[in-house]
Amino acid sequence: FLTVEGSYRITCPRYPEIETIPPLWHKLAGNYTVRPRVKSTYWSTEDLGRTEITIADQVLLLPALKAALWPLGDTEILLMGGAFDGETMTFDPETGEITRQHVVYVPSRD
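An account of the accompanying structure is given in this report. The numbers attached to residues start from 1 for each chain and follow its sequence in the written order. Confidence filtering applies because this is a predicted model: local features only for residues at pLDDT of at least 70, side-chain atom pairs given and counted only at 80 or more, and all residues used for totals across whole chains, interfaces and linings. Side-chain figures throughout are based on the complete set of non-hydrogen atoms in the structure, without hydrogens or water.

Quick look at the nonpolar core
Thinking step 1. We define the nonpolar core as a collection of buried residues of types Ala, Val, Leu, Ile, Met, Phe, Trp, Tyr and Cys that are connected through side-chain atoms lying within 4.5 Å of one another. Relative accessible area decides the class of each residue, using a 1.4 Å probe on protein chains only: under 20% of the type maximum gives buried, over 50% gives exposed, and in between gives partly exposed. Counting residues in each nonpolar core, the largest one holds 23 residues, and the members touching the most others are Leu28, Leu69, Met89, Ile98 and Tyr105.
Thinking step 2. Secondary structure follows DSSP: runs of H or I at least 4 residues long count as helices, runs of E at least 2 residues long count as strands, and numbering of each begins at the N terminus. Listed by contribution, the elements that provide at least two residues to this core are α1 (23-28), β3 (30-36), β5 (59-62), β6 (67-71), β7 (76-80), β8 (88-91) and β10 (103-107).
Thinking step 3. Considering each element in turn, this core owes the most residues, four residues, to β5.
Thinking step 4. Residue contacts for leucine 69: discarding those within four places in its chain leaves Tyr15, Ile53, Leu60, Leu61, Leu62, Ile77, Leu78, Leu79 and Met89. Contact between two residues is taken to exist if any of their heavy atoms lie within 4.5 Å; hydrogens are not considered.

Things to note about the environment of valine 104
Thinking step 1. Of note, valine 104 is situated in strand β10.
Thinking step 2. By relative accessible area, which is 11% here, valine 104 ends up buried.
Thinking step 3. Separated by 67 residues in the primary sequence, valine 104 and arginine 37 place their C-alpha atoms 5.4 Å from one another.

Observations regarding the side chain of threonine 33
Thinking step 1. Along the chain, threonine 33 turns up in strand β3.
Thinking step 2. On the basis of relative accessibility, which here comes to 9%, the residue threonine 33 falls in the buried class.
Thinking step 3. Here threonine 33 is in contact with Asp47, Gly49, Arg50, Val104, Tyr105, Val106 and Ser108, once residues within four sequence places are set aside.

Re the pattern of salt bridges
Thinking step 1. Salt bridges are counted wherever a side-chain nitrogen of Lys or Arg sits within 4 Å of a carboxyl oxygen of Asp or Glu. Inspection of every chain in the model, using the stated rule, returns two salt bridges.
Thinking step 2. Among the ionic pairs, arginine 50 bridges to aspartate 47, the shortest N-O distance being 2.8 Å.
Thinking step 3. For arginine 50, a relative accessible area of 58% translates into the label exposed.
Thinking step 4. Given the relative accessible area of 30%, aspartate 47 is considered partly exposed.
Thinking step 5. The shortest N-O distance in the salt bridge between glutamate 87 and arginine 100 comes to 3.0 Å.

What to know about the pairing of β5
Thinking step 1. Neither face of β5 is left uncovered, since the one carrying Val59 and Leu61 and the one carrying Leu60 and Leu62 both have all their residues buried.
Thinking step 2. In short, DSSP must find at least two bridges between two strands for them to pair. Inspection of the sheet shows strand β4 (residues 50-56) paired to β5 by three bridges, in the antiparallel sense. Each residue of the ladder has a partner; that of threonine 54, found in β5, is leucine 61.
Thinking step 3. The hairpin formed by β4 and β5 contains two residues between the paired strands, and aspartate 57 there has a positive phi angle of roughly 55°.
Thinking step 4. Joining the antiparallel neighbours β5 and β6 is a turn of four residues, in which lysine 66 adopts a positive phi near 55°.

Encoded structure:
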């Protein structure tokens, strides 16, 4: 089990133990605006809210999805645990945007 923000637990494969947090994690951590990936009749706005990626106890987390994240390389991120276990997201190193299913996480510029 991983406990996220002390409020819930997720079951996931063993999270790899690391000694030093990789530089990529620091690029991923932060606040994001959530936007639709493509225009759709299902969305009446271009701003679907805000979310944050955090690092806690040597684990990269996306609390909004109740999932741990494990970067598979420089551009792919594996979701671990919860309803989205095994799903991948794509990271664009040039823009800092992360794409997942129907949304794009755009880094906040604050």
